[in-house]
Amino acid sequence: MSFYDYSITKPDGSELSMKEFEGKVVLIVNTATGCGFTPHYKDLEAMYEDFSGKGFEIVDVPCNQFAGQTPGTDEEIHEFCQLKYNTQFPQMKKTDVNGENAAPLFTYLKSQKGFGGFGIGPAALAMAAMCKKADKDYKNNPDIKWNFTKFIVDREGNVVARFEPTASMKEVRNFVEKLM
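Here we summarise the structure given alongside this text.

Rules used in this analysis
Residues numbered from 1 in each chain as written. Predicted model: local features only at pLDDT ≥ 70, side-chain atom pairs only at ≥ 80, totals over all residues. Heavy atoms only, no water. Phe/Tyr/Trp six-rings, centres within 6.5 Å; stacked < 30°, edge-to-face > 60°. Buried < 20%, exposed > 50% of the residue type's maximum accessible area, 1.4 Å probe, protein only. Helix = DSSP H or I, 4+ residues; strand = E, 2+ residues; numbered from the N terminus. Lys NZ or Arg CZ within 6 Å of the ring centre and 35° of its normal. Polar contact = N/O pair within 3.5 Å; in protein donor to acceptor, adjacent residues only side chain to side chain. Contact = heavy atoms within 4.5 Å.

1. What to know about the packing of aromatic side chains
Centre distance and the angle of the planes are the two values used to describe a pair of aromatic rings. Inspection of every chain in the model, using the stated rule, returns 14 aromatic pairs. Residues Phe80 and Tyr85 carry aromatic rings whose centres are separated by 6.2 Å and whose planes lie at 65° to one another, so their mutual orientation is edge-to-face. A residue is classified by how much of its surface remains accessible, and Phe80, at 27% relative accessible area, is partly exposed. With 5.6 Å between their ring centres and 75° between their planes, Phe163 and Phe175 make a pair best called edge-to-face. With a gap of twelve residues between them, Phe163 in strand β6 (residues 159-163) and Phe175 in helix α5 (residues 169-179) connect regions that are remote in the sequence. Feature note: the residues Tyr41, Tyr48, Phe80, Tyr85, Phe89 and Phe148 constitute an aromatic cluster, connected by ring pairs. Above the face of the Phe115 ring, Lys145 is positioned so that its terminal group lies 4.9 Å from the ring centre.

2. What about the side chain of Thr31?
Relative to the helices and strands, Thr31 is located in strand β3 (residues 25-31). Residue classification places Thr31 among the buried residues on the basis of a relative accessible area of 1%. For Thr31, the side chain forms a polar contact with the side chain of Asp60, separated by 2.5 Å. Among residues more than four places away in sequence, those in contact with Thr31 are Tyr41, Asp60, Val61, Pro62, Cys63, Thr70, Asn147 and Phe148.

Right, dumping it as structure tokens:
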């Protein structure tokens, strides 16, 4: 199966097919409203405003699997994002990204781009320490480790990058810009 064979559930229960994004660069991100990385929304929205007219899409998938940092209903999450960050990109239904109930789209994304490390710096060290407590072998499985893990899909439907939440948003933006 390819990226375009998958879909993700919208808040109204309907499905958003990835086929709708053929020929576009797509960033898929699992998000949270109460996380230290939640300010990534500001940079994501700026990217969306700058690139959406050039064939760029963001798919925002709220997830409550990481320390319960996405409380509330889909409507409350959407309202928070619009009021605090003026987000305009599509936001999906709150969804699991790991485990037996993980959305098939995320299982596919993880199979294409596994975990590559948190990088360097204080946030990277903190994330590594936290993950090691939960799973001593965390480095060797493709599971999403935390909120705001970003997958980039190119215009041909290839999963070309995975950015952990500790990656700078400037690095993410530069990568996307090169694909535009």
